[in-house]
Amino acid sequence: MYRPLPKKKVGHRINAYINSDQVRLVGNIVENGIYSIQEALQFARNKELDLVEINPKVNPPVCKILDYKKFLYEQKKKKKQFKAKQIKVNTKEIRFGPQIGDHDGKVKIKSAEKFLMRGDKVKVFVFFKGRSIVYKDQGKIKLLKFAEEIEEYGRVEQMPVMEGKRMYMILAPKKF
């Protein structure tokens, strides 16, 4: 199974493309140790496998005798499994003014609960238009009440912060 280097660039050098006089062989197929490149290639040919450079940065480079196609397949499979286990967290935004009514506030709270139960973060804005910028403290109170109402589903990740003409707070979902 002695193969030349594939046409597209892959992260490992194999067989005759390893440019070193000596290599450190590791693995369970051969006894670990430092061998000349010719000996290592001969071991690989005898087993009908490939000599793959695993770590080129050390001196001598670390190589392993294995089936290269199978090795690439397993790496791809591991990468896919790792990617599947990652959780993507989206950030949803909810905005309202400093004089929002009670009913409208409850509607916003319901939608925030829904987002948090799905596992999304929620960024809550109080926007100030024109002269309403005078009511910064009222906006902060609204945000803190919002956080208090929703504390069963999420926790405050970032306390209210003023940014330009809007004040925002970030809520993260609680782990159930």
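This section reports on the structure supplied with the text. (Residues numbered from 1 in each chain as written. Predicted model: local features only at pLDDT ≥ 70, side-chain atom pairs only at ≥ 80, totals over all residues. Heavy atoms only, no water.)

**Quick word on the pairing of strand E5 (residues 91-96)**
Looking at chain direction, E5 and strand E6 (residues 121-127) are connected through six bridges and run parallel. Bridged to Thr91 within E6 is Lys121. With helix H3 (residues 102-118) bridging E5 and the parallel E6, this β-α-β connection has right-handed handedness. (Pairing = 2+ DSSP bridges. Helix = DSSP H or I, 4+ residues; strand = E, 2+ residues; numbered from the N terminus. Right-handed = clockwise from strand over helix to strand, strands pointing away.)

**Details of the layout of surface pockets**
Space inside the largest pocket adds up to approximately 280 Å³. If you go around the largest pocket, you meet 13 residues; those closest to its centre are Asp102, Gly105, Ile109, Lys142 and Lys145. When contributions to the lining of the largest pocket are tallied by element, the ones reaching two or more residues are H3 and helix H4 (136-149). Among the elements that line the lining of the largest pocket, the one with the most residues is H4, at six residues. (1 Å grid on protein atoms, 1.4 Å probe; cavity = no way out; pocket = protein on both sides within 12 Å on 5 of 7 lines; lining within 4 Å. Points joined across faces, edges and corners; volume = space filled by probe spheres on them.)

**Quick notes on unusual backbone geometry**
The step from Asn59 to Pro60 runs through a cis peptide bond, and the omega angle for that step is -5°. In the Ramachandran plot, Glu48 falls in the positive-phi region, its phi being about 55° despite a non-glycine side chain. Here Glu48 lies in the loop between helix H1 (37-47) and strand E3 (50-55). Owing to a relative accessible area of 52%, Glu48 belongs among the exposed residues under this scheme. (Buried < 20%, exposed > 50% of the residue type's maximum accessible area, 1.4 Å probe, protein only.)

**Considering the pattern of salt bridges**
In total, this model carries three salt bridges according to the counting rule given. Between Asp120 and Arg118 there is a salt bridge, and its shortest N-O distance comes to 3.0 Å. A salt bridge links Glu157 to Lys121, with the nearest nitrogen and oxygen atoms 2.9 Å apart. Residue Glu157 is located in strand E7 (residues 154-163), and its partner Lys121 is located in strand E6; the two are separated by 36 residues in the primary sequence. Classification of Glu157 as partly exposed rests on a relative accessible area of 38%. Classification of Lys121 as partly exposed rests on a relative accessible area of 25%. (Salt bridge = Lys/Arg side-chain N within 4 Å of Asp/Glu carboxyl O.)

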